[in-house]
Amino acid sequence: MFSDIGALELVTLIVLAVLIFGPDKLPKVIQDISGFIRKIREFSDSAKQDIRTELGPDFKDFEFEDLNPKTFIRKQLDGNEDLSELMELRSTFDLRKEMNEVADAVNSRESAPAAAPATVNGSAPDLLKKQDKPDTPERPPYDSDAT
């Protein structure tokens, strides 16, 4: 549950708890919180058990974790030959490599261009040359009363 909390965060939480509740009330607060968590777990377990009994004997091996789409798909494909084909297809597709190839093609860094650029008036356009900015029309005067 708290696997991603480091030592510094844990020490900070302990210091904050001591400062907020004080050393006298801290054991009682910890006991109350752990009792509350225990009651929530018991309630959750009893609700799961009630649902399993209501579903009947056909669903005796039903797990609520199976409702997670990733778990459901993994369970359905487990032991199936489609899984090996899916893993093979996944291993052949490298998104980073594909994106680098597209970026190289766009930036004209490809060793052999796919097609020659179109010619205009017998000469190829220079794609690397920056185009001149078109003349911008003069802005109308600003009228603060109009806004």
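Procedures and definitions
Residues numbered from 1 in each chain as written. Predicted model: local features only at pLDDT ≥ 70, side-chain atom pairs only at ≥ 80, totals over all residues. Heavy atoms only, no water. Helix = DSSP H or I, 4+ residues; strand = E, 2+ residues; numbered from the N terminus. Buried < 20%, exposed > 50% of the residue type's maximum accessible area, 1.4 Å probe, protein only. Areas by Shrake-Rupley, 256 points an atom, 1.4 Å probe, with all protein chains shown as cover. Expected span 1.5 Å × (residues − 1). Bend = angle between axes of the 7 residues up to and from the residue. Salt bridge = Lys/Arg side-chain N within 4 Å of Asp/Glu carboxyl O. Patch = residues over 30% accessible without salt bridge, like charges linked within 9 Å, V, L, I, M, F, W, Y side chains within 5 Å. Polar contact = N/O pair within 3.5 Å; in protein donor to acceptor, adjacent residues only side chain to side chain. pLDDT = per-residue confidence, 0-100. Contact = heavy atoms within 4.5 Å.

Quick notes on the overall build of the protein
Helices and strands together make up the secondary structure of the protein, namely four helices and zero strands. For the protein, the sequential pattern of α-helices and β-strands runs α-α-α-α. Relative to its full complement of 147 residues, the protein shows a buried share of 6%. About 14,500 Å² of surface is accessible on the protein, with carbon and sulfur atoms providing 59% of the total.

With respect to helix α1 (residues 7-55)
The end-to-end C-alpha distance of α1, which contains 49 residues, comes to just 45 Å, noticeably less than the 72 Å that a straight helix rising 1.5 Å per residue would cover. In α1, a bend of some 100° at Lys25 exceeds every other bend along the element, and Pro27, a proline, comes one to four places later. Restricting attention to buried positions, one finds in α1 the residues Gly22, Leu26, Val29, Gly35 and Arg52.

Remarks on the pattern of salt bridges
Under the defined criterion, the tally for this structure stands at one salt bridge. For Asp32, the salt bridge identified is with Lys28, shortest N-O distance 3.2 Å. Here Lys28 and Asp32 lie together in helix α1, a separation of four residues that amounts to about one turn.

Some words on a nonpolar patch on the surface
A cluster of nonpolar side chains, contributed by Val11, Val15, Leu16, Leu19, Ile20 and Phe21, occupies part of the molecular surface with about 600 Å² of accessible area. If you trace the backbone, Val15 turns up in helix α1. Of the residues examined, Val15 reaches a relative accessible area of 44% and is grouped as partly exposed.

Looking at the environment of Ser34
Residue placement: Ser34 occurs in helix α1. Assessed through its relative accessible area of 31%, Ser34 is described here as partly exposed. One polar contact links the side chain of Ser34 to the main-chain carbonyl oxygen of Gln31, over a distance of 2.9 Å.

Observations concerning the confidence of the model for the protein
For the protein, the mean per-residue pLDDT works out to 77, and 73% of the residues sit at or above 70. By mean pLDDT, helix α3 (residues 81-92) is the weakest element of the protein at 70, and α1 is the strongest at 90. Of the regions scoring below 50 in pLDDT, residues 110-114 engages in two contacts with residues more than four places distant in sequence or in other chains.

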